[in-house]
Amino acid sequence: DAMVIQNPRYQVTQFGKPVTLSCSQTLNHNVMYWYQQKSSQAPKLLFHYYDKDFNNEADTPDNFQSRRPNTSFCFLDIRSPGLGDAAMYLCATSRASGTTDTQYFGPGTRLTVL
Amino acid sequence: AQSVTQLDSQVPVFEEAPVELRCNYSSSVSVYLFWYVQYPNQGLQLLLKYLSGSTLVKGINGFEAEFNKSQTSFHLRKPSVHISDTAEYFCAVSDRPGGGADGLTFGKGTHLIIQP
């Protein structure tokens, strides 16, 4: 009964080699979020999509991009990963912003950069 | 701007003992407060949330939290913990009821360690 699915769960990439992380949802939610969680730190919002509208946080590096081809899927692209990008990446969804709906989180993808 | 402070990075507790995890927030607007739990190698799961109304909020797994506006706190409590409660606990704040649009602002987390 998985509702927010992230693939892969563990991803290893090389310094500078582009990598894509995947998130899918079966909830038909309007909003999808990507958070970065570094070791022993709080999750930090990178950006979110409200339907097809992309909203980037002001301090998200340009190295991070996102695509949402349809309601169910959202991708996080890291164009040139650096060692500092090693982290857990969490995808979350909510039905709509500004409502009482909860954010539902996926299990995360742990990214290692060699 | 909003911020969340979780005063303890780690809290060791004996099994069946009570526990309180502390959370303080700052915000210039109305706030909505959340507690999430993260088990090892898993995503975040909502424990409970305060949106309005009664300041005592009950959540899943026997947890509850109390919103105290004058002290800007939202401490999480459980009267008797179990080994299975070992996890990382995050307090979060939003100026939107669902935490949507601008997302959630999280504290740094408290690692709850249950000792047998």
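For the structure, see preceding data.
Computed from a predicted model, the values in this text were never measured in an experiment.

What counts and what doesn't
Residues numbered from 1 in each chain as written. Chains lettered and ligands numbered in written order. Predicted model: local features only at pLDDT ≥ 70, side-chain atom pairs only at ≥ 80, totals over all residues. Heavy atoms only, no water. Pairing = 2+ DSSP bridges. Helix = DSSP H or I, 4+ residues; strand = E, 2+ residues; numbered from the N terminus. Phe/Tyr/Trp six-rings, centres within 6.5 Å; stacked < 30°, edge-to-face > 60°. Buried < 20%, exposed > 50% of the residue type's maximum accessible area, 1.4 Å probe, protein only. Salt bridge = Lys/Arg side-chain N within 4 Å of Asp/Glu carboxyl O. Core = buried A, V, L, I, M, F, W, Y, C linked by side-chain atoms within 4.5 Å. Contact = heavy atoms within 4.5 Å.

Asks: Help me understand the pairing of strand β6 (residues 44-50) of chain B, please; the structure alone is not making it clear to me.
Replies: Residues and elements named next belong to chain B. When strand β5 (residues 32-38) meets β6, the two strands line up antiparallel, connected through six bridges. Residue pairing for β6: L33 is matched across the bridge by Y50. Where β5 folds back onto β6 in an antiparallel hairpin, the turn is made up of five residues, including N41, whose phi is positive at roughly 60°.

Asks: Can you walk me through the packing of aromatic side chains in this structure?
Replies: For any pair of aromatic rings, geometry is given as the distance between the ring centres together with the angle between the planes. With the rule as written, the count across this model stands at 14 aromatic pairs over all chains. Both rings, one in Y25 of chain B and one in F67 of chain B, keep their centres 6.2 Å apart while their planes meet at 25°; by these two values the pair is stacked. Taken together, the residues span a long stretch of sequence, with Y25 of chain B in strand β4 (residues 24-26) and F67 of chain B in strand β8 (residues 64-68) at a distance of 42 residues. The exposure class assigned to Y25 of chain B is buried, which follows from its relative accessible area of 9%. Look at F67 of chain B and you get buried, because its relative accessible area is 11%. Each residue in the set Y33, Y35 and F105 of chain A together with Y36, F90 and F106 of chain B is aromatic and connected to the rest through ring pairs, giving one cluster.

Asks: Even after reading the chapter, I still don't get the pattern of salt bridges, so can you show me in this structure?
Replies: Two side chains bearing opposite charge may form a pair once their charged atoms approach each other closely. Counted by the stated rule, this structure contains seven salt bridges over all chains. Here K44 of chain A ties to D59 of chain A by a salt bridge, and the two come within 3.1 Å at their closest N and O atoms. On the criterion of sequence distance, the pair formed by K44 of chain A in strand β5 (residues 44-50) and D59 of chain A in the loop between β6 (53-56) and β7 (64-67) is long-range, its members being 15 residues apart. Salt-bridge contacts for D85 of chain B lead to K78 of chain B; the nearest nitrogen and oxygen are separated by 2.8 Å. Accessibility assignment for this pair places D85 of chain B and K78 of chain B in one class, buried. The network of salt bridges with shared partners includes E20, E66 and R77 of chain B.

Asks: Help me out: how do you make sense of unusual backbone geometry in this one?
Replies: Backbone geometry follows two general trends: most residues other than glycine have a negative phi, and most peptide bonds adopt the trans configuration. Residue and element names in this part refer to chain A. At the junction of N7 and P8, the peptide bond is cis and its omega measures out at -15° in the coordinates. Tracing the sequence through the fold places P8 in the loop between β1 (4-7) and β2 (10-13). At S40, a position not held by glycine, the phi torsion is positive, near 60°. You can see S40 is positioned in the loop between β4 (31-37) and β5. Its relative accessible area of 68% is what places S40 among the exposed residues.

Asks: So what exactly am I meant to see when it comes to the nonpolar core here?
Replies: Nonpolar side chains in soluble globular proteins tend to end up buried together. Core analysis: the largest hydrophobic core is formed by 28 residues, its most contacted members being W35, L48, L76 and Y89 of chain B. Listing elements by their share of this core, those giving two or more residues are β2 (10-14), β3 (19-21), β5, β6, β8, β9 (73-78), β10 (87-94) and β12 (110-115) of chain B. Sort the elements by how many residues they give to this core and β10 of chain B lands first, with four residues. Setting aside residues up to four positions removed in sequence, L48 of chain B forms contacts with L33, F34, W35, V57, K58, G59, F63, E64, A65, F74 and L76 of chain B. Core analysis: the next-biggest nonpolar cluster, separate from the first, contains 18 residues, V19, W34, A87 and L111 of chain A among them.

Keep in mind these values describe shape, not function.
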